[in-house]
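Report on the structure
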Amino acid sequence: MNPYILAILLFGLGLGTTITFASSHWLLAWMGLEMNTLAIIPLMAQHHHPRAVEATTKYFLTQATAAAMLLFASVTNAWLSGQWDIQQMTHPLPITIITLALALKIGLAPVHAWLPEVLQGLDLTVGLILSTWQKLAPFALILQINPTNSTILIILGLTSTLIGGWGGLNQTQLRKILAYSSIAHLGWMILVLQFSPSLTLLTLLTYFVMTFSTFLVFKLNKATTINTLATSWTKAPLLTSLTPLILLSLGGLPPLTGFMPKWLILQELAKQDLALTATVAALSALLSLYFYLRLSYAMTLTMSPNNLSGTTPWRLSSTQLTLPLAISTTMAICLLPLTPAATALLTP
């Protein structure tokens, strides 16, 4: 892609998110979300491949539906209450519709079906943008409206953690596994949103660090299926020995970074007398952990398939920058001791 066009699209992506961040009026927030969608579509379709075009079309249709729902709900809110302010939402109907519209935008279950399909059709770089940056603007709006309907949030959260765990069990494609991992993590964030918005933000940030690191590892290995992971020993042995730690951090095992948000969320849910919800969420994390272990096993304990396509292909040394990978991997593995500092910063 032409670097000037790429720069304009990335600028549009950043501007759309920033407009949504800075807006207090529903129309402006909607405009930011639309700019975001329109800026990423050419990036998604840049490889003229049927899967990429199909993924782009699916993404466009779901985002357009969510944006239409959002606009409808904000007009309804203006009609019922006479104001367009995001933080002055009072009527339960528009709040519920907007929560569902934003859930569709970020891919929460049960409106998640587009996310694995779309992510599977993209290359890893655009997939990374979709899994991280594209979640920021809708999350800013969810945190601002602070939905009052607790039942719908708990249902969305639990369904997402369960489907995110179950859906990834039978997958062989890495991008689909990462999509289900994303759904499960978003479920944890939504569960604790009404009790501690700052904890939701902390979970989002740790999820970003871990996902960024995972995508960069797969990109360095040019891996898209579990089988191709088995050839990574010969390309980057040191990185291959660290990758299981990143994956187990995504699964939420101590003493890795990913344990911190899960620990704090379970603690918060127990404080709110939601022991059953906390138990179901913790058990659903075991489902996710299974497929992270499966990836770790494929990377470190199996020989690469010895057929023509599976024999270790000759690779030139990668041109990818290794500094972002080094920083994000260190953060994805080593940040658990900073938990007291994080909680001190987050408590109002």
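From a predicted model like this one, the values you see are computed outputs, not experimental measurements. (Residues numbered from 1 in each chain as written. Predicted model: local features only at pLDDT ≥ 70, side-chain atom pairs only at ≥ 80, totals over all residues. Heavy atoms only, no water.)

1. Side note on the pattern of salt bridges
Tallied over the full model, the rule gives three salt bridges. In this structure, the salt-bridge partner of Glu54 is Lys58, at a minimum N-O distance of 2.7 Å. Separated by four residues within a single helix, Glu54 and Lys58 lie in helix H3 (residues 50-81), roughly one turn from each other. Between Lys176 and Glu117 there is a salt bridge whose closest N-O contact spans 3.6 Å. (Salt bridge = Lys/Arg side-chain N within 4 Å of Asp/Glu carboxyl O. Helix = DSSP H or I, 4+ residues; strand = E, 2+ residues; numbered from the N terminus.)

2. Remarks on the nonpolar core
Ranked by internal contacts, the top residues of the largest apolar core, which has 54 residues, are Ile40, Tyr59, Val118, Leu122, Phe218 and Leu295. For this core, the element with the highest residue contribution is helix H10 (residues 197-220), accounting for seven residues. Looking at which domains feed residues into this core, each of domain 1 (1-134) and domain 2 (149-306 + 321-347) gives three or more. Setting aside anything within four residues of it in sequence, one finds Leu122 in contact with Met44, Ala55, Gly127, Leu130 and Arg175. Within the second largest apolar cluster, 31 residues are counted, among which are Leu153, Leu156, Leu186 and Met189. (Core = buried A, V, L, I, M, F, W, Y, C linked by side-chain atoms within 4.5 Å. Buried < 20%, exposed > 50% of the residue type's maximum accessible area, 1.4 Å probe, protein only. Domains from an automatic or database assignment. Contact = heavy atoms within 4.5 Å.)

3. Thoughts on the packing of aromatic side chains
Applying the stated rule across the entire model yields four aromatic pairs. A ring pair is formed by Phe291 and Tyr292, whose centres lie 5.0 Å apart and whose planes are at 55°; its orientation type is tilted. For Phe291, a relative accessible area of 0% corresponds to the buried category. Given a relative accessible area of 2%, Tyr292 falls into the buried group. A cation sits over an aromatic face here: Lys262 above Trp188, 5.3 Å from the ring centre. (Phe/Tyr/Trp six-rings, centres within 6.5 Å; stacked < 30°, edge-to-face > 60°. Lys NZ or Arg CZ within 6 Å of the ring centre and 35° of its normal.)

4. What to know about the UniProt feature "transmembrane region" (unreviewed entry) in the protein
UniProt tags residues 60-80, 92-115, 151-170, 177-195, 201-221, 233-254, 274-293 and 323-346 as "transmembrane region" (unreviewed entry). From the first C-alpha to the last, residues 151-170 spans 30 Å; its make-up is 85% helix and 0% strand. Between the end C-alpha atoms of residues 177-195 there is a gap of 29 Å, over a span that is 84% helix and 0% strand. (UniProt positions renumbered as here; feature names shortened; annotations may be inferred.)

5. Comments concerning helix H8 (residues 150-167)
A rise of 1.5 Å per residue sets the reference length of H8, with its 18 residues, at 26 Å; its end C-alpha atoms lie 25 Å apart and thus fit the reference within 8%. For H8, the full list of buried residues reads Ile152, Leu153, Ile154, Leu156, Gly157, Leu158, Ser160, Thr161, Gly164, Gly165 and Gly167. Residues of H8 that are buried make contact with helix H4 (92-106), helix H9 (174-192) and helix H15 (275-300). (Expected span 1.5 Å × (residues − 1).)

6. Overview of the side chain of Thr339
Note on placement: Thr339 falls in helix H17 (residues 339-346). Here Thr339 falls in the buried class, since its relative accessible area comes to 4%. Residues within four places of Thr339 in sequence aside, it is in contact with Met260, Trp263 and Leu264.

7. Some remarks on the packing of H10 against helix H14 (residues 259-271)
Relative to each other, H10 and H14 sit at 160°, their axes nearing to 9 Å. By the angle class used here, H10 and H14 are roughly antiparallel. Considering the relative orientation of H10 and H14, their crossing is left-handed. Packed against H10, whose contacting residues are Leu199, Leu202, Thr203 and Thr206, the element H14 presents Met260, Pro261, Leu264, Ile265 and Glu268 at the interface. Residue composition of the contact of H10 with H14, by class: six nonpolar, two polar and one charged. (Axes fitted to C-alpha atoms, helices over the stretch in contact; angles between N-to-C directions. Parallel < 35°, antiparallel > 145°, perpendicular 65-115°, else oblique. Left-handed = near helix turned anticlockwise from the far one by under 90°. Nonpolar A, V, L, I, M, F, W, Y, C, P; charged D, E, K, R; others polar.)

8. Some thoughts on the packing of H9 against H14
The N-to-C vectors of H9 and H14 enclose an angle of 35°; their axes lie 10 Å apart at closest approach. Considering only the axes of H9 and H14, their crossing is left-handed. For the pair H9 and H14, contact is made by His185, Trp188, Leu191 and Val192 and by Lys262, Ile265, Leu266, Glu268 and Leu269, respectively.

9. Re the environment of Thr224
Locating Thr224 in the fold gives a position in the loop between H10 and helix H11 (226-229). Those residues in contact with Thr224 that lie beyond four places of it in its chain are Thr172, Gln173, Leu174 and Arg175.

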